[in-house]
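Structural characterization, general
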Amino acid sequence: MASSAAPPPPPPPNPLETSLLVGFCGAPGAKALGRMTGDLTEAGRALRQRIEAFPPGRPVTPVVELIATTVHRSPGADGMFRSRCEDTTVRDYLDAARALNGLLLLNIQPGRADFLPEVQAYERWLTEPDVGVALDPEWAVEPGVVPGKKFGRTSGAELDEVARYLGGLADAHRLPAKVMIYHQVAASVVRDEALLRPHHGVSVVKVVDGIGSAAAKKATWKTLMTTMPAHVRPGFKLFFEEDTRRGAALMSPAEVLALSPAPAYVVYE
């Protein structure tokens, strides 16, 4: 009797289970969107230097967060007020993430489009083991609204659709759990958050995007943590320019990690 085939090996571990994530965001030729732009090798070195400032003792996974779908104030040919980056751009940023032994997140600013089809447009990249997504509902506006005129919004149900899709990809391709970020700058940006359910094959992080002094950011953090589902991990965003206006100091890594609950992902813009 022929022996049965050996079972396939388990997928690699989820980086959120083993380390703190620390990242830079950016896009080609857009310094206003973050420091991961221009010479990506140099930007990667700057990210490494930033990571070195974090307290020792906990492994850190570098993150490159590419603004892949970018919102615009003009409608474009399809009226969706957004554009998608080219595959060559995704490849360049994935190469930069891999040079750091890190993770690439594809940031989605959907304009008037829905999140799920925008994420699905990058499926060829999301079947890679080290590519996840970051959803930015501040830039998800309703019909008749021009992005930038007021905050956009999403719902827990819409986030759940994306999480279910990503978990299915991970299971089908035997990938590590997909990392799915959703950014939140204010309470109004995510409605009915409890409708975001846990799904096998995806790990979700809510990144609080509050802008301003350390006191203002901590107040936003405290407010937005109250609605975060229990299965979601917390994340925190720092802004080199906006947070340091009027002489304010950028929060240090130690200050950020002292937040309760402690962030699982820290991203700089």
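Since the model is a prediction, treat every value here as computed from it, not as a measurement.

What follows is about helix H2 (residues 40-52). Along an α-helix, residues three or four positions apart point the same way, because every turn accommodates 3.6 residues. For H2, built from 13 residues, the straight-helix expectation of 18 Å at 1.5 Å per residue is met to within 8% by its first-to-last C-alpha distance of 18 Å. Regarding H2, the residues found buried are Leu 40, Ala 43, Gly 44, Leu 47 and Ile 51. The arc enclosing the buried residues of H2, seen along the axis, measures out at 100 degrees, which places them on a common side. Among the exposed residues of H2, those pointing more than 90 degrees away from its buried face are Thr 41, Gln 49 and Glu 52. Lining the buried residues of H2 we find strand E1 (20-26), strand E2 (60-71) and helix H3 (87-99).

Looking now at the packing of aromatic side chains. For any pair of aromatic rings, the description consists of the separation of the ring centres together with the inter-plane angle of the planes. Under the definition given, this model contains four aromatic pairs. Ring geometry for Phe 24 against Tyr 268: centres 6.1 Å apart, planes inclined by 75 degrees, an arrangement best described as edge-to-face. Here Phe 24 is found in strand E1, whereas its partner Tyr 268 is found in strand E11 (residues 265-268), with 244 residues between them in sequence. For the pair shown, Phe 24 and Tyr 268 are each scored as buried. With 5.3 Å between their ring centres and 20 degrees between their planes, Phe 240 and Tyr 268 make a pair best called stacked. On the criterion of sequence distance, the pair formed by Phe 240 in the loop between strand E10 (233-238) and helix H8 (253-257) and Tyr 268 in strand E11 is long-range, its members being 28 residues apart. Each member of the pair, Phe 240 together with Tyr 268, is buried.

Conventions used here
Residues numbered from 1 in each chain as written. Predicted model: local features only at pLDDT ≥ 70, side-chain atom pairs only at ≥ 80, totals over all residues. Heavy atoms only, no water. Helix = DSSP H or I, 4+ residues; strand = E, 2+ residues; numbered from the N terminus. Expected span 1.5 Å × (residues − 1). Buried < 20%, exposed > 50% of the residue type's maximum accessible area, 1.4 Å probe, protein only. Arc of directions from axis to C-beta. Contact = heavy atoms within 4.5 Å. Phe/Tyr/Trp six-rings, centres within 6.5 Å; stacked < 30°, edge-to-face > 60°.

Distances and angles like these do not, on their own, reveal function.
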